[in-house]
Amino acid sequence: MANTGSRYRGSITDYADFDSNRDAEALYTAMKGFGSDKEAILELITSRSSRQRQEICQSYKSLYGKDLIDDLKYELTGKFERLIVGLMRPLAYFDAKEIKDAISGIGTDEKCLIEILASRSNQQIHQLVEAYKDAYERNLEEDIVADTSGHFKKMLVVLLQGTREEDDVVSEDLVAQDVKDLYEAGELKWGTDEAQFIYILGNRSKQHLRLVFDEYLKTTGIPIEASIRGELSGDFEKLMLAVVKCIRSTAEYFAERLFKAMKGLGTRDNTLIRIMVSRSELDMLDIREVFRTKYEKSLYSMIKNDTSGEYKKALLKLCGGDDDAAGQFFPEAAKVAYQMWELSAVARVELKGTVRPAPNFDPEADAKALRKAMKGLGTDEDTIIDIITHRSNDQRQQIRQTFKSHFGRDLMADLKSEISGSLAKLILGLMMPPAHYDAKQLKKAMEGAGTDEQALIEILATRNNQEIRAINEAYQEDYHKSLEDDLTSDTSGHLKRILVSLATGNRDEGPENSEQAREDAQEIADTTGGGDKPSLETRFLSILCSRSYQHLRRVFQEFIKMTNHDVEHTIKKEMSGDVRDALVAIVQSVKNKPLFFADKLYKSMKGAGTDEKTLTRIMVSRSETDLLNIRREFIDKYDKSLHHVIESDNSGDYLKALLALCGGED
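Rules and cut-offs
- Residues numbered from 1 in each chain as written.
- Predicted model: local features only at pLDDT ≥ 70, side-chain atom pairs only at ≥ 80, totals over all residues.
- Heavy atoms only, no water.
- Helix = DSSP H or I, 4+ residues; strand = E, 2+ residues; numbered from the N terminus.
- Rg over C-alpha atoms; globule rule 2.2 N^0.38 Å.
- Buried < 20%, exposed > 50% of the residue type's maximum accessible area, 1.4 Å probe, protein only.
- Contact = heavy atoms within 4.5 Å.
- Areas by Shrake-Rupley, 256 points an atom, 1.4 Å probe, with all protein chains shown as cover.
- Lys, Arg positive; Asp, Glu negative; His and termini not counted.
- Charge placed at Lys NZ, Arg CZ, Asp CG, Glu CD.
- Polar contact = N/O pair within 3.5 Å; in protein donor to acceptor, adjacent residues only side chain to side chain.
- Phe/Tyr/Trp six-rings, centres within 6.5 Å; stacked < 30°, edge-to-face > 60°.

The name that an unreviewed UniProt entry assigns to the chain is Annexin, with the source organism given as Phascolarctos cinereus.

Enquirer: Can you help me understand the overall build of the chain in this one?
Expert: On a plain count of helices and strands, the chain comes out with 40 helices and 0 strands. Its C-alpha radius of gyration of 29 Å places the chain within 12% of the 26 Å reference for a compact globule of 666 residues. Over its C-alpha atoms, taken along the principal directions, the chain stretches across nearly 100 × 60 × 55 Å. Taking all 666 residues of the chain together, 50% fall into the buried category. Long-range pairs, those at least 24 residues apart, make up 73% of the contacts in the chain between residues at least 6 apart in sequence. Counting every atom, the chain has about 30200 Å² of accessible surface; 48% of that belongs to carbon and sulfur. Across the chain, the centroid of the 94 positively charged side chains sits 2 Å from that of the 114 negatively charged ones.

Enquirer: Looking at this model, I keep getting lost on the environment of threonine 504. Mind explaining?
Expert: Topologically, threonine 504 is positioned in the loop between α31 (493-503) and α32 (514-527). Using a relative accessible area of 34% as the deciding quantity, one classes threonine 504 as partly exposed. As for threonine 504 and arginine 229, which are separated by 275 residues in sequence, their C-alpha atoms are 42 Å apart. One polar contact links the side chain of threonine 504 to the main-chain carbonyl oxygen of serine 501, over a distance of 2.6 Å.

Enquirer: Teacher, can you tell me more about the packing of aromatic side chains here?
Expert: Each aromatic ring pair is summarised here by two numbers: the centre-to-centre distance and the angle between the ring planes. Under the counting rule described, the total for this entry stands at 15 aromatic pairs. With a centroid separation of 3.9 Å and 10° between ring planes, the pair formed by tyrosine 28 and tyrosine 64 is classed as stacked. You can see tyrosine 28 sitting in helix α1 (residues 20-31) and its partner tyrosine 64 sitting in helix α3 (residues 50-64), a full 36 residues away along the chain. When its relative accessible area of 27% is taken as the criterion, tyrosine 28 is described as partly exposed.

What follows is the structure, encoded as structure tokens:
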């Protein structure tokens, strides 16, 4: 995703009919008299390039004997002033001012230091060091050393040298050596050898490091990011992760920073201003396109909804266009989406749960300990939680049997009478065989008034054929009726057809068929964009519910080639309600199932109140399947660990049990 060749990827270009004296006069007029014409100021400054703005500053001084930046500061206020004044400085001086602000006064703005020093090229770093010296008559390295400490300080000093290797010729031997050194410095060592991480990540070329990261994952089975999170901490860890992200894709790094600056309550305006100013003549188009693909909305629309007034107008001019607008041709984003599918197709991700069979398992001892925990007055919840969350489902079934043989009692009934509320739902869920648990969740979703369509979709869209067949048998056995009949009487329209189709458990399991994949993609493409809705939904249904995952990945890649759109984006645009949610769930499962569940978990705990049903259902049903993978996706996407979010959102014994299932802090 780097700049290919010499194609210009900024959003601001030189103004064609440029005359610095005329512009200086226009700005002088806009600021003359009572109140200033902010609209005229922002229109002019956001449509000139940085080089042209420097010429305007010169002309202004020649014509009026005054400093344009001082006058702008006097006339404007707040965020708008900060943005406009930022645009009037050359990039190196802008960076220098940001860093000066970050380290002067009480406390240091480490995030600003990390963002600038991790993302700038050698040349930009050298210019920044010079600009800092020129503007403040101080040495940047000395100031940073005085203001930071430890390994964080050492890595910042390395980055400040601006000596990253720049050749594209990569030695395979050196790649292998670096992988070995990093692995031995972190995962294999008691304690961490931070110096190795600093040396390799601070000096090797981008091309070289990308290969190191790929090779590291192949050799160790661990993404380099996961090793950094496990081995390093604090600001040093954040800096190293930022360096890795910028090596992989600077555009993606900034897209993510922009998204995080605007999501949730309040906007981090300093971050927003810094990125929009500093990238407007470098790679804003790449950032926009990655943003559109990654967050399924345009950067333009997010800025528009999140800011106001002249400040908003100026930011939108720097953004330079709305990628949600009809007919926006979108090659870069399509490329990113295509790469995601390619990765999904080739990644042989090893799925791992967090709950594994207990070694030295003794069902008799466990049965006795559980009986003791429930006998007499009061209940020993800690023992119940400890035993049940640290045994595999097979082992729990053995404990149930032993409990009955020993005490002539039903363990489930005893647990039900001793514990209650959320904890009971979680513990009793863990005691059920998986297919019976899923069957029960489906039954509950259809019982009483109103149907919980989201639960039906989540279960049926993510289980494989074998799991679906087992669920059908369990449902028949437990409720003496067929799952299909209940789905048929409880849902309607296209959603009913999708769920019934998924509930047959008849998805193809074979490899992809390239010819068929092109035909399938063509069939979906033909019906999108103004076709009649029923046939559109029917075609999506017949392909998404019946083809194998491997085949669908190829279909979705072909679809991008034909339409320049990602299939998920198309479904969201063309459909609505539960049908849209069901089809999106299938697509997300095919793309990255652990990420699908990470999103569901995040949504179950974000905002006011916790959706305990969803939280319990996912933690129980994924604990032996892929909860470890879900945890990795969760921290990658949300910058917080699942453990941390669960901890801040729940309490008491329910929290203890959830954390035991979560199985660790990332």
